[in-house]
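# A closer look at the structure
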Amino acid sequence: MNSAVIGFPRVGTLRELKFASEKYFRGEIDSEELEEVASKLRATHWKNQKDAGIDFISSNDFSFYDGMLDTAVLLNVIPKKYKELNLDELDTYFSMARGYQKDGNDVSALAMKKWFNTNYHYMVPEIYDDTEIKLTGKKVFKEFQEAEKQGIKTKPVLIGPFTFLKLARCYGEKNAKDFSDDIIKAYIEIVRKLKELGATWIQFDEPSLVTDLDDNDWQLFKKLYLEILGNKYGIKILLQTYFGDIRDYYDEIISLDFDGIGLDFIEGKENINLIKKYGFPSDKVLFAGLINGKNIWKANYERVFSKLEELKEYSSNIVLSTSCSLLHVPYTLEHETDLKPVVKKYFAFAIEKLQELKEISVLIETDDYKVEKEFAENRALYSKTAGENSGEISKIDRLNKDDFIRLPKRSERQKLQKKVLNLPMFPTTTIGSFPQTTEVKKNRTSFRNGEIGKEQYDRKVYELIERCIRKQEEIGIDVLVHGEYERNDMVEFFGENLDGYVFTKKAWVQSYGTRCVKPPIIFSDVKRIKPITVEYSKYAQSLTDKPVKGMLTGPVTILNWSFPREDISLEKMAYQIAIAIREEVLDLEKAGIKIIQIDEAALKEKLPIRKSDWYSEYLDFAIKAFRLCHSGVKPETQIHTHMCYSEFNEIIKDIDNMDADVISFEASRSKLTILDALKANNFETEVGPGVYDIHSPRVPFVREIVEAIEQMLEKIDKDKLWINPDCGLKTRGIPETEASLINLVEATKIIRSRY
Ligand code: GLN
Ligand code: ZN
């Protein structure tokens, strides 16, 4: 059986691309040096796959920032504001990704959105009425040729035209459909050129097919592909889907002239049933996504083989593939020298998954794979689950209805809290973290490397906290934070202090652009062993009369940003973590902390792609898990939460139902569209829609912030509005952070004088 990989991680095993790009941004290396790092990485990644014996290796899965952005540039979807900067190709590209504020220019970046149900973010292409979609880019061709020189014939990968148009934003009168003729022409041109260069297969990624589609969508899809597939120039075209199933139009999709169809059998629950119901055409190749591209556990061979056996009854032309791009798992286990062998033996990262692909595709061809050593070993491994231990499940069993309800009701709490906290109108605050400067990071690395002890480490953290408090007082913020200097990551830090977690050293996964995260792994039942943040918060509060927020990460976010177990339900894991956070909340309250923020930055992220699964598979337990964290506090203790990305219009009632007292969220980049939805739904929670975008170093002007607040006040009650940036400040530098906060406070004063 042949094997295939949808896409490979790009940043390099030691994040080489990140570091090179950042050097380039700082002007420390030139574009040639950056290109060199990139081409070396590509070469290594292709070689890794070739050495593992993968038959279908992708090219153009590499990106300096993001694949949607690459596709936009390929198709000339470059808004004028960036073209007019007159930069070269690479810098134009980066100006779209990061914004450009230099030499009197001031252009903000494209919006960024979460990529389906992952923690990866893509750049949202902007299409205007005068946008001329046509093939202008070269990347896909260059990379194909580059691999060819290395002796590897790759299948070039592109975001398909349907997903591209679905995810792009049209700003003028025209809508996506109006651009279909042009985009068809461009894709046909791409196919033709790739044929000329000698490509035999092309992969079009169409993850939008796994979302809820209506007939208009389907008509668009059909129009695009009827024409493109009518002009294949003899190239084989693989329609690749992932993150779910294609239940709405399966029978129609398989009747189109694709040569291969890639289906996800990990997250796409219905795919197997669709095949059973409608069959699978014998003239097409089924790329069967059976190796999980999103989780780090070794494949359970018994399960994979039985799926394969099932599929073989419907197709004699199967290629074993990953369920999605391996972009979403870390690179390799090789650097994880600290993992205990009893733990490590359960894991497979990207490189190890290549071996699994190969091993399974070879084994399946043997007479009786069950007698083969590799199969037996894998079966032995999974004969007992990795994570079984303590009695935490019974704590969950003891939960009852009241544990999820906070009393008295919110409107009464709000009155009480106003009195006790005595904050000015439009209270100003921040989301929690302050810049993670070299000094902050060095303290942590020195501690981790054993160069300094815990005491010296904490002394530094306390010093940083004090400086942070003083700074906030000086700037005039009302509700302070301690700065989060003790954590490098809002999930990893909690994981490290909870029982049941396992940590990696270099297992980075790209989140956006050069930003990578290192999700911890839930290995067994989760429990809190001791207080986690209490000392830091207590110290910060001791320095000032202003309230300092306790700062925790919520259970749903901890769960969503971890690699979860596969042997118990997400619901159980969420409640285990919620119980741990609840214990921490109560300890903070006991220590005199009056405001506690429980971040649910990632709540929206794992919302099932299809609406019909929202409650049964997710929201029913996610909202309860959050409520479980804070239902035990006193009425006057104010519970805040924070969510990144405000695109929760559709679940606004559920957000309100988390029953927090205050919520802050990103709003600046989504052009405040959320505000109407808040109003329409009589949103009860007090709100702090971010007044400026922290994802770029740009300093907002006072008048911009004033304007944003005025806009907010059109929709939000004046005694319910908080003023804050749209997310934590940890990725920013000190100068722009201070300048921005000074402007934020200044703007608030202007607003206060008006109301
Ligand atoms: N409290 C966190 C911080 O400020 C929240 C981060 C986030 O929302 N991603 O960094
Ligand atoms: Zn955030």
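Refer to the structure presented above.
Let me begin by describing the structure that accompanies this report. Treat the numbers as computed from the prediction; the structure is a model and nothing was measured.

## Focus on the packing of aromatic side chains
Scanning the entire structure with this criterion turns up 43 aromatic pairs. Geometrically, the ring pair formed by Phe-221 and Phe-258 is tilted, given 6.4 Å between the ring centres and 40 degrees between the ring planes. Here the residue Phe-221 occupies a position in helix α9 (residues 215-229), and Phe-258 occupies one in the loop between α10 (250-253) and β12 (260-264), the gap between them amounting to 37 residues. On the accessibility criterion, Phe-258 (1% relative accessible area) is buried. Ring geometry for Tyr-242 versus Phe-243: centroids 4.8 Å apart, planes at 80 degrees, classification edge-to-face. Exposure class is identical for Tyr-242 and Phe-243. Each is buried. Following the ring pairs from residue to residue traces out a cluster consisting of Phe-162, Tyr-187, Phe-204, Trp-218, Phe-221, Tyr-225, Tyr-249 and Phe-258. The side chain of Arg-42 reaches across the aromatic face of Phe-62, ending 4.7 Å from its centre.

## Details of the site of ligand 1
Taken together, 13 residues are adjacent to ligand 1, and Ser-433, Glu-484, Asp-599, His-642 and Cys-644 come closest. Between ligand 1 and Ile-431 there is a distance of 3.1 Å, counted from a nitrogen atom to a backbone nitrogen or oxygen. Here an oxygen atom of ligand 1 and a backbone polar atom of Gly-432 are 3.5 Å apart. When ligand 1 is considered free in solution it has 290 Å² of accessible area, and contact with the protein chains removes 95% of it. Within the shell around ligand 1, the residues separate by chemical class into 6 nonpolar, 4 polar and 3 charged.

## Thoughts on the coordination of the zinc ion (ligand 2)
Within the protein, the zinc ion (ligand 2) binds to His-642 (NE2), Cys-644 (SG) and Cys-727 (SG); these donor distances fall in the range 2.1 to 2.2 Å. Between the 4 donor atoms coordinating the zinc ion (ligand 2), the angles at the centre fall across 86 to 123 degrees, so the site counts as tetrahedral. One chain supplies every donor for the zinc ion (ligand 2), spaced along it as H-x1-C-x82-C. Taken as a pair, Cys-644 in the loop between β21 (638-643) and α25 (652-656) and Cys-727 in the loop between α27 (702-713) and α28 (734-754) lie far apart in primary sequence, 83 residues in all.

## As for the nonpolar core
Counting residues in hydrophobic clusters, the biggest one holds 130 residues, and the most contacted among them are Phe-64, Ile-581, Leu-603, Ile-655, Leu-678 and Leu-721. Excluding residues within four positions of it along the chain, Leu-603 makes contact with Val-556, Thr-557, Asn-560, Tyr-618, Ile-623, Met-643, Ile-651, Ile-655 and Met-658. Core analysis: the next-biggest nonpolar cluster, separate from the first, contains 118 residues, Ala-199, Leu-263, Tyr-331 and Val-509 among them.

## Re the packing of helix α6 (residues 139-149) against helix α8 (residues 180-197)
Direction vectors running N to C along α6 and α8 enclose 20 degrees, while the axes themselves pass 10 Å from each other. In terms of axis orientation, α6 runs roughly parallel to α8. By crossing handedness, the relation of α6 to α8 is classed as right-handed. Contacts from Val-140, Phe-141, Phe-144, Gln-145 and Glu-148 in α6 reach Ile-190, Lys-193, Leu-194 and Leu-197 in α8.

## Considerations on the pairing of β21
The buried fraction of β21 is high, at 6 of 6 residues. Across 3 bridges, strand β20 (residues 595-599) lies against β21 in parallel orientation. Bridging from a neighbouring strand, Ile-596 pairs with Ile-639 of β21. Traced from β20 through helix α24 (residues 614-630) to β21, the parallel crossover comes out right-handed. One ladder, built from 4 bridges, connects β21 with strand β22 (residues 662-665); its direction is parallel. Of the residues in β22, the one forming a bridge with His-642 is Ser-664.

## Structural notes on the side chain of Ser-631
Examined against the element boundaries, Ser-631 turns out to sit in the loop between α24 and β21. Residue Ser-631 is classed as buried on the basis of its relative accessible area, which comes to 12%. At 2.7 Å, the side chain of Ser-631 and the side chain of Arg-582 are in polar contact. For Ser-631, the contacting residues outside a window of four places in its chain are Asp-403, Phe-404, Ile-405, Arg-406 and Arg-582.

## Some thoughts on a negative patch on the surface
Among the surface-exposed residues, Asp-30, Glu-32, Glu-33, Glu-35, Asp-88 and Glu-89 lie close enough to one another that they form a single negatively charged patch. Relative to the assigned elements, Glu-89 resides in helix α5 (residues 89-98). With relative accessibility at 57%, the residue Glu-89 sits in the exposed group.

## Side note on the pattern of salt bridges
On inspection of all chains with the given rule, the structure shows 65 salt bridges. Taking the shortest distance from any N to any O, the salt bridge between Lys-139 and Asp-70 comes out at 3.4 Å. Here Asp-70 lies in helix α3 (residues 67-74) and Lys-139 lies in helix α6, a separation of 69 residues in the sequence. For Asp-70, a relative accessible area of 10% gives the class buried. The residue Glu-535 makes a salt bridge to Lys-538 at a minimum N-O spacing of 3.8 Å. In this pair, Glu-535 and Lys-538 are both assigned in helix α21 (residues 534-542), 3 residues apart and thus about one turn of the helix distant. Assessed through its relative accessible area of 47%, Glu-535 is described here as partly exposed. Judged by relative accessible area, Lys-538 falls into the partly exposed class, the value being 39%. Connected through salt bridges with shared partners, the residues Asp-212, Asp-245, Arg-247, Asp-248, Lys-269, Arg-610, Asp-613 and Glu-617 form a single ionic network.

Cut-offs used in this document
- Residues numbered from 1 in each chain as written.
- Chains lettered and ligands numbered in written order.
- Predicted model: local features only at pLDDT ≥ 70, side-chain atom pairs only at ≥ 80, totals over all residues.
- Heavy atoms only, no water.
- Phe/Tyr/Trp six-rings, centres within 6.5 Å; stacked < 30°, edge-to-face > 60°.
- Helix = DSSP H or I, 4+ residues; strand = E, 2+ residues; numbered from the N terminus.
- Buried < 20%, exposed > 50% of the residue type's maximum accessible area, 1.4 Å probe, protein only.
- Lys NZ or Arg CZ within 6 Å of the ring centre and 35° of its normal.
- Near = heavy atom within 4 Å.
- Polar contact = N/O pair within 3.5 Å; in protein donor to acceptor, adjacent residues only side chain to side chain.
- Areas by Shrake-Rupley, 256 points an atom, 1.4 Å probe, with all protein chains shown as cover.
- Nonpolar A, V, L, I, M, F, W, Y, C, P; charged D, E, K, R; others polar.
- Donors = N, O, S within 2.8 Å, 3.2 Å for Na, K, Ca; no water.
- Tetrahedral: all angles 85-135°; square planar, octahedral: opposite > 155°, others 65-115°.
- Core = buried A, V, L, I, M, F, W, Y, C linked by side-chain atoms within 4.5 Å.
- Contact = heavy atoms within 4.5 Å.
- Axes fitted to C-alpha atoms, helices over the stretch in contact; angles between N-to-C directions.
- Parallel < 35°, antiparallel > 145°, perpendicular 65-115°, else oblique.
- Left-handed = near helix turned anticlockwise from the far one by under 90°.
- Pairing = 2+ DSSP bridges.
- Right-handed = clockwise from strand over helix to strand, strands pointing away.
- Patch = residues over 30% accessible without salt bridge, like charges linked within 9 Å, V, L, I, M, F, W, Y side chains within 5 Å.
- Salt bridge = Lys/Arg side-chain N within 4 Å of Asp/Glu carboxyl O.
- Lys, Arg positive; Asp, Glu negative; His and termini not counted.
- Charge placed at Lys NZ, Arg CZ, Asp CG, Glu CD.

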